[in-house]
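Summary of structural features
Chain by chain, the residues:
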Amino acid sequence: MVGWVLLWTVAGMWNERPQLKASDVVFMYAPRDPALYDAYAGTVVGWAGRARSKSPQDAQWFRQRVEEAQKRRLRYCGSVDFVVDFAGFIDFRPDRFMEAVCRDLDGNPITVPWLWDHRYKGHPAYWFCTNNPDYRAYLRDQVERACIAPIDGLHIDDWRGTAACSAWFGGCFCPHCTEGFRNWLKHRFSEEQLKAMGIERIDEFDLRAFLKSKGITAEQWRKQRSRLPFGELFQQFQTEQMLQVVREVFEYAESLRGKPLLRSVNSSASSPEALVVTPLVDFFCGEMGHHASTAQAPVEPAFVFRLVEGLGKRQAATAAGHDWAWIAANEKPGLVRTWIAQAYAFGSAFMVPHRQWCYTPEKGTHWWEGKTEDFAFVYRFVRENANLFDGYRTLANLSLVYTHANFSEIRSAALELIKANIPFSILVAEPTLGIKVTPKDISACEFLLTGKQPLPPEFEQLVKSAKVSVVQWQGIEKLPESAFRQVRVSGEKVRVALRYKPDDPKAPVVCHLLNQDYDLQSDDVRPREVAVSVSRALLGKALKGVPQRAILRTPKTPPVEIPIRLDGDWLTFTVPELGFWAVVEIVVR
């Protein structure tokens, strides 16, 4: 078995990473019928498995699957499972798989909660430890089976592995985690610091025994870990271990394929913990809560799409298992169409809902299959207008400054601004995410909106040398008037996303209009006339010259020119009957 030895340094060999484009149509899984690739105008398969084994028959089956997509010019991403392929590992190490099970403080095995209805050879779905050498060998085996075929990318499902088990379920106290944490402390802290923590002899330190001696129970550790001795340090250790494993998996796959692969992980990208993997991926590809049971278009995903844009990434999103369970129970594809439109309008993507994993505590795993006639026309609309998506970014004169310490405030601000149709971008100043902020990035805005926590000193220095106003978030009503008087929309429940092409001043400004007035009974939005006014000063950041016309495009109708009115500081146009999504080009020539 080949180890984690890399054949070369990836960063030194390949300067440019592959990217997910804004107009890409992503299949989560490879469809049973490859004709669906054509029906949806697919371009990427994002989360598409590996050979079942290394046998010639299984290898050939997987190669055919990959080549079936590639001959249609789709990029195919194989995938590796860090948590859910428990059955495969039982077969991989049949004589000692129990040694790799994550353990709680009492030494009890931990199982994967959402796989409660799965068993294999009489065993439940154990949560196997990604710090165990045998389990890491199995991850390598998965990589090798994915790379049997000429894949274009690699996806990692449940990339947090044992770090997630530690964060949510009270693990892991296996021998490898115990020894690993001891060594991590030894190399991180001095003897004096360790003694101050209560560790007299680090070479003999056992976290489990220490916690037990303090009367701490497994239940307390699971629910209150962050408030208990070593709780935060243990989580930091697990996260750092996990990031190293993720890096090694990606680099091992690229060494086998001999080229850079399109990298993704299953991450909602909706919290600081979900974002720590950012420097290692090219895009996020995963489940996000869409609150389907409310029967309304959610605003939270729009915040995530704006945040990942600030990271220089995209999110290939799908809804969460409980959302799809609700859709399956109620059969409401019209609500799903509002999710798809919002993702693309905010610069990300929503994966083709041809076959969706559903989950409820009562039913466990089940599936819903979307109908081609309900969705394909939306994706074909994106592909037919790819020039209005690719290369575009948010047009705004206000930027929210993101750091992990300010996450809650920035998230709250973003949600309020989205609801109020106040354009904003997100500037990422978090030093751990590998984003280099330049003076040009800062000077592109007139206003920087910050949280209460201090910003990194390097960023503060850049701000001082730039001509930009800094405002601490205290609610929309406290913003300077010129920061939010940029867009006016008639009526309620219409969301606006303005986008422009920074590298092409001749390109039109694109205004996405999302009708959020969804009606459950009809499973559609209520059409409405909508008038939109945009600040000419804001348009002037993107357009060279005076806007002359506007072109209205929708997924169901051919493009048509609509009148515009230039009235002082405003450009105004009217969409006579807004369905669930419209795209308006504002053109100079």
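Just above, that's the structure.
The structure reproduced in this document is the subject of the present report.

Parameters and conventions
- Residues numbered from 1 in each chain as written.
- Predicted model: local features only at pLDDT ≥ 70, side-chain atom pairs only at ≥ 80, totals over all residues.
- Heavy atoms only, no water.
- Helix = DSSP H or I, 4+ residues; strand = E, 2+ residues; numbered from the N terminus.
- Rg over C-alpha atoms; globule rule 2.2 N^0.38 Å.
- Contact = heavy atoms within 4.5 Å.
- Areas by Shrake-Rupley, 256 points an atom, 1.4 Å probe, with all protein chains shown as cover.
- Lys, Arg positive; Asp, Glu negative; His and termini not counted.
- Charge placed at Lys NZ, Arg CZ, Asp CG, Glu CD.
- Expected span 1.5 Å × (residues − 1).
- Buried < 20%, exposed > 50% of the residue type's maximum accessible area, 1.4 Å probe, protein only.
- Polar contact = N/O pair within 3.5 Å; in protein donor to acceptor, adjacent residues only side chain to side chain.
- Salt bridge = Lys/Arg side-chain N within 4 Å of Asp/Glu carboxyl O.
- Axes fitted to C-alpha atoms, helices over the stretch in contact; angles between N-to-C directions.
- Left-handed = near helix turned anticlockwise from the far one by under 90°.
- Nonpolar A, V, L, I, M, F, W, Y, C, P; charged D, E, K, R; others polar.
- Phe/Tyr/Trp six-rings, centres within 6.5 Å; stacked < 30°, edge-to-face > 60°.
- 1 Å grid on protein atoms, 1.4 Å probe; cavity = no way out; pocket = protein on both sides within 12 Å on 5 of 7 lines; lining within 4 Å.
- Points joined across faces, edges and corners; volume = space filled by probe spheres on them.
- Pairing = 2+ DSSP bridges.
- Core = buried A, V, L, I, M, F, W, Y, C linked by side-chain atoms within 4.5 Å.
- Parallel < 35°, antiparallel > 145°, perpendicular 65-115°, else oblique.

Attention now goes to the overall build of the chain. Scanning the chain from N- to C-terminus turns up 21 helices and 28 strands. A globule of 589 residues ought to have a C-alpha radius of gyration of about 25 Å, and the chain, at 25 Å, matches this closely. Over its C-alpha atoms, taken along the principal directions, the chain stretches across nearly 75 × 60 × 50 Å. The contacts of the chain with a sequence gap of at least 6 include a subset with a gap of at least 24, amounting to 73%. On the chain, roughly 24700 Å² of surface is accessible, and the fraction owed to carbon and sulfur atoms is 49%. Seen as two clouds, the 73 positive and the 69 negative side-chain charges of the chain have centres 2 Å apart.

On to helix α5 (residues 133-146). Compared with the 20 Å implied by 1.5 Å per residue over 14 residues, the 20 Å span of α5 between its first and last C-alpha is a close match. Of all 14 residues in α5, 13 are buried; the element is thus mostly enclosed. Taking the backbone nitrogen of aspartate 134 as reference, a side-chain oxygen 2.8 Å away marks asparagine 132 as the first, capping residue of α5.

Summed over the entire model, instances satisfying the criterion amount to 36 salt bridges. The residue aspartate 58 makes a salt bridge to arginine 52 at a minimum N-O spacing of 3.9 Å. Across the salt bridge formed by lysine 71 and glutamate 68, the nearest N and O atoms sit 3.1 Å from each other. For glutamate 68, a relative accessible area of 24% gives the class partly exposed.

One can describe the packing of α5 onto helix α11 (residues 231-257) by two numbers: an axis separation of 10 Å at closest approach and a directional angle of 35°. As α5 runs across α11, the sense of the crossing is right-handed. For the pair α5 and α11, the contacting residues are Arg136, Leu139, Arg140, Val143 and Glu144 in the first and Gln241, Val245, Val249, Tyr252, Ala253 and Leu256 in the second. A class-by-class count of the residues in the contact of α5 with α11 yields seven nonpolar, one polar and three charged.

Under the definition given, this model contains 44 aromatic pairs. Aromatic pair phenylalanine 173 and tryptophan 221: ring centres 5.8 Å apart, planes at 65°, arrangement edge-to-face. One end of the pair, phenylalanine 173, is in the loop between α6 (161-169) and α7 (175-188); the other, tryptophan 221, is in helix α10 (residues 218-224), with 48 residues separating them in the sequence. Since its relative accessible area comes to 7%, phenylalanine 173 is described here as buried. With a relative accessible area of 0%, tryptophan 221 lands in the buried category. When the ring of phenylalanine 234 is compared with that of phenylalanine 237, the centres are 6.0 Å apart and the planes differ by 40°; the resulting orientation is tilted. Of this pair, phenylalanine 234 and phenylalanine 237 both sit in helix α11, separated by three residues, roughly a single helical turn.

This next bit is on the side chain of asparagine 385. Looking at where asparagine 385 falls in the secondary structure, it is placed in the loop between α16 (372-384) and β13 (393-394). For asparagine 385, the side chain forms a polar contact with the main-chain oxygen of phenylalanine 381, separated by 2.9 Å. A distance of 3.3 Å separates polar atoms of two side chains, one belonging to asparagine 385 and the other to arginine 553.

Let us look at empty space enclosed by the protein. Applying the stated rule across the entire model yields one cavity of 30 Å³ or more. Taken together, 14 residues line the largest cavity, and the ones lying closest to its centre are Arg306, Ile422, Pro423, Val496 and Ala497.

Within the open sheet, the six strands sit side by side as β13-β19-β20-β28-β24-β25. Their pairing is antiparallel. With partners counted over all chains shown, the strands left at the sheet margins are β13 and β25 (560-562), one partner each. Pairing between strand β20 (residues 509-515) and strand β28 (residues 581-587): six bridges, direction antiparallel. When the bridges of β28 are listed, leucine 514 appears paired with tryptophan 581. In this fold helix α15 (residues 333-345) packs onto β19 (494-500), β20 and β28, with an angle of close to 155° to the strand it touches most, β20.

Within a regular strand, the side chains alternate between the two sheet faces. Taking every second residue as pointing to the same face, both faces of strand β7 (residues 262-265) are buried, with Leu262 and Ser264 on one and Arg263 and Val265 on the other. Relative to β7, strand β6 (residues 153-157) runs parallel, the two sharing four bridges. Its bridge partner being in β7, glycine 153 is matched across the sheet by leucine 262.

What follows is about the nonpolar core. Core analysis: the largest hydrophobic core is formed by 137 residues, its most contacted members being Tyr76, Phe82, Phe128 and Trp581. With eight residues, the single largest contributor to this core is α15. Aside from chain neighbours lying at most four places away, what touches phenylalanine 82 is Thr130, Tyr135, Leu139, Ile156, Asp157, Asp158, Trp159, Met242, Val245, Val246 and Val249. In this structure, Leu498, Tyr500, Val530 and Leu552 belong to the second largest nonpolar core, which totals 26 residues.

The omega torsion across glycine 171 and cysteine 172 is 0°, close enough to zero to call that bond cis. By the element assignment, cysteine 172 lies in the loop between α6 and α7. A positive phi angle, near 50°, is found at histidine 291, a position not held by glycine. By secondary structure assignment, the location of histidine 291 is in the loop between β8 (283-288) and α13 (300-310). What makes histidine 291 partly exposed here is its relative accessible area of 38%. The phi dihedral of glutamate 331 falls on the positive side, at around 50°, and the residue is not glycine.

Bringing the packing of α6 against α11 into the picture now. Each pair of packed helices gets described by two things: the angle between the helix axes and the distance between those axes. Packing of α6 against α11 brings their axes to within 7 Å, and their N-to-C directions diverge by 160°. Between α6 and α11, the crossing angle belongs to the class labelled roughly antiparallel. Once α6 is placed against α11, the crossing between them reads as left-handed. Taken together, the residues of α11 that come into contact with α6 (itself represented by Gly161, Thr162, Ala163, Ser166 and Ala167) are Phe234, Gln235, Gln238, Thr239 and Met242. Taken together, the residues that form the contact of α6 with α11 break down as four nonpolar, six polar and no charged.

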